[in-house]
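An overview of the molecular structure
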Amino acid sequence: MRRRRDVARQRQRLFLDNAGMTTNIDYVGSELEIFSHATNWKAYWSNAISGYLGKSVVDVGAGIGATAQTLKTRHFDRWVELEPDSEQTKKIRRAQLEGAIPADYEIVCGISRDLDPRSLFDTALYIDVLEHIEDDREELATISNFVSPGGHIVIVAPAHNYLYTEFDKKIGHFRRYDRDSLIAIKPANFEVVNTGYLDSVGMLASVANKFFLKSGTPSLGQVKLWDGFMVPISRLLDKVLMHRLGKSIVFVLRKAA
């Protein structure tokens, strides 16, 4: 268990320790594969951020390429999969060869500082990624240099630090977020244009798990139960609650023109 946590933390520091040369560390864990089956959830958050996707996108911490696969039905002039782990990058390339990811998407094994300094993107995506980065303020400051004026930084992240569990720690989460904590780390030349919470039913389940059940890593069956039953109810209930409660937060920043 200790080695597993140490390796996960090394991977997060990969976002910070780079000094012009890409470093690599193997990522230990299977949660990306398990949560890749959450089709209703992916449809939900992707719909929530769809209005902020420009023609050019950098997907920071792309993992196994799940975000690219979720959003591939839209046309993009440029899409960059940016992932620091070489094994995960291989999985993205394999998915591309199999046709799950468009052939013209660029795949880069690296971190934000590895991007071509001439690159500018309409949208920088952090889909369940920012919580893995120890110095999240510095990370957003770095990526802000690659966002076009009028472009967006889009964050989807686990919400509420009081819901932080052993599972969060095991998969390398430094924290969970709320609106105030994200505002506190936004780059100075960006304004908040949207913030809200998703999955109110899932939040209730997380509260129960945190204080009563205290279970560890969810099984594939549990993920499918959540995705198939709780997420569809949340999509209805969240509207009634005006997105004030939820297990995840959507946070969108726009760069000054």
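Below is a summary of the structure that appears in this document. Quantities reported herein were computed from a predicted structural model and do not represent experimental measurements. (Residues numbered from 1 in each chain as written. Predicted model: local features only at pLDDT ≥ 70, side-chain atom pairs only at ≥ 80, totals over all residues. Heavy atoms only, no water.)

Before going further, it helps to spend a moment on the overall build of the chain. The helix and strand tally for the chain stands at 10 helices and seven strands. Expressed as a percentage of the 257 residues in the chain, the buried residues total 50%. Across the chain, contacts joining residues at least 24 apart in sequence account for 80% of those joining residues at least 6 apart. Carbon and sulfur atoms provide 55% of the accessible area of the chain, an area that totals close to 12,000 Å². (Helix = DSSP H or I, 4+ residues; strand = E, 2+ residues; numbered from the N terminus. Buried < 20%, exposed > 50% of the residue type's maximum accessible area, 1.4 Å probe, protein only. Contact = heavy atoms within 4.5 Å. Areas by Shrake-Rupley, 256 points an atom, 1.4 Å probe, with all protein chains shown as cover.)

Together, Leu-225, Phe-229, Ile-233, Leu-237 and Val-240 make up a nonpolar patch on the protein surface, roughly 470 Å² of accessible area in all. Judged by its relative accessible area of 51%, Phe-229 falls in the exposed class. (Patch = residues over 30% accessible without salt bridge, like charges linked within 9 Å, V, L, I, M, F, W, Y side chains within 5 Å. Salt bridge = Lys/Arg side-chain N within 4 Å of Asp/Glu carboxyl O.)

Under the defined criterion, the tally for this structure stands at nine salt bridges. Between Arg-113 and Glu-138 there is a salt bridge; the shortest N-O distance is 3.7 Å. Linking Arg-113 in the loop between strand 3 (106-109) and strand 4 (121-127) with Glu-138 in helix 6 (residues 136-144), this pair joins segments that are 25 residues apart in sequence. Taking the relative accessible area as the measure of exposure, Arg-113 reaches 36% and is therefore partly exposed. What makes Glu-138 partly exposed here is its relative accessible area of 34%. The closest approach of N and O atoms between Asp-116 and Arg-118, which form a salt bridge, is 2.7 Å. For Asp-116, a relative accessible area of 29% puts it in the partly exposed group.

Pairing is mixed in the open sheet, where seven strands are placed in the order 3-2-1-4-5-7-6. Since the sheet does not close on itself, it has two edges, and those belong to strand 3 and strand 6 (190-198), each with one partner. If you compare each strand with its neighbour and ignore which way they point, the axes differ by 15° on average. In the packing of helix 3 (residues 39-49) onto the sheet, contacts are made with strand 4, strand 5 (147-158), strand 6 and strand 7 (248-255), and the angle to strand 6 comes to roughly 150°. Across the face of the sheet, helix 6 comes into contact with strand 1 (56-60), strand 4, strand 5, strand 6 and strand 7 while running at roughly 150° to strand 5. (Pairing = 2+ DSSP bridges. Axes fitted to C-alpha atoms, helices over the stretch in contact; angles between N-to-C directions.)

Our focus in this paragraph is helix 5 (residues 86-97). Given a rise of 1.5 Å per residue, 12 residues ought to cover 16 Å, and the 16 Å separating the end C-alpha atoms of helix 5 matches this to within 8%. Among the residues making up helix 5, those that are buried are Gln-88, Thr-89, Ile-92, Ala-95 and Gln-96. The arc enclosing the buried residues of helix 5, seen along the axis, measures out at 115°, which places them on a common side. Those residues of helix 5 that are buried are in contact with helix 2 (31-35), helix 4 (66-71), strand 2 (78-83) and strand 3. Immediately downstream of helix 5, the backbone of Gly-99 shows phi near 90°, a positive value. (Expected span 1.5 Å × (residues − 1). Arc of directions from axis to C-beta.)

The next point concerns the side chain of Ser-56. Tracing the sequence through the fold places Ser-56 in strand 1. In this structure the side chain of Ser-56 is engaged in a polar contact, spanning 2.9 Å, whose partner is the backbone nitrogen of Asp-122. Not counting the four nearest positions on each side in its chain, Ser-56 is found in contact with Arg-78, Leu-120, Phe-121, Asp-122 and Thr-123. (Polar contact = N/O pair within 3.5 Å; in protein donor to acceptor, adjacent residues only side chain to side chain.)

In terms of residue burial, strand 2 counts as a mostly covered element, since five of its six residues are buried. In this sheet, strand 2 lies alongside strand 1 in parallel orientation, the contact comprising five bridges. Counterpart to Asp-59 in the pairing with strand 2 is Glu-81. Judged from the four bridges that link them, strand 2 and strand 3 form a sheet pairing that is parallel. By the bridge assignment, Glu-83 is partnered in strand 3 with Cys-109. Handedness of the β-α-β unit built from strand 2, helix 5 and strand 3 comes out right-handed. (Right-handed = clockwise from strand over helix to strand, strands pointing away.)

Between helix 3 and helix 10 (residues 220-240), the least distance of the axes is 8 Å, while the angle of their chain directions is 30°. Taken together, helix 3 and helix 10 sit at an angle that is classed as roughly parallel. Across the interface between the two elements, Thr-39, Asn-40, Trp-41, Ala-43, Tyr-44 and Asn-47 from helix 3 touch Trp-226, Asp-227, Gly-228, Val-231, Pro-232, Ser-234, Arg-235 and Asp-238 from helix 10. When the residues that make up the contact of helix 3 with helix 10 are grouped by side-chain class, the tally is six nonpolar, five polar and three charged. (Parallel < 35°, antiparallel > 145°, perpendicular 65-115°, else oblique. Nonpolar A, V, L, I, M, F, W, Y, C, P; charged D, E, K, R; others polar.)

On to unusual backbone geometry, then. The phi dihedral of His-160 is positive, around 75°, even though this residue is not glycine. By secondary structure assignment, the location of His-160 is in the loop between strand 5 and helix 7 (166-170).

Keep in mind these values describe shape, not function.
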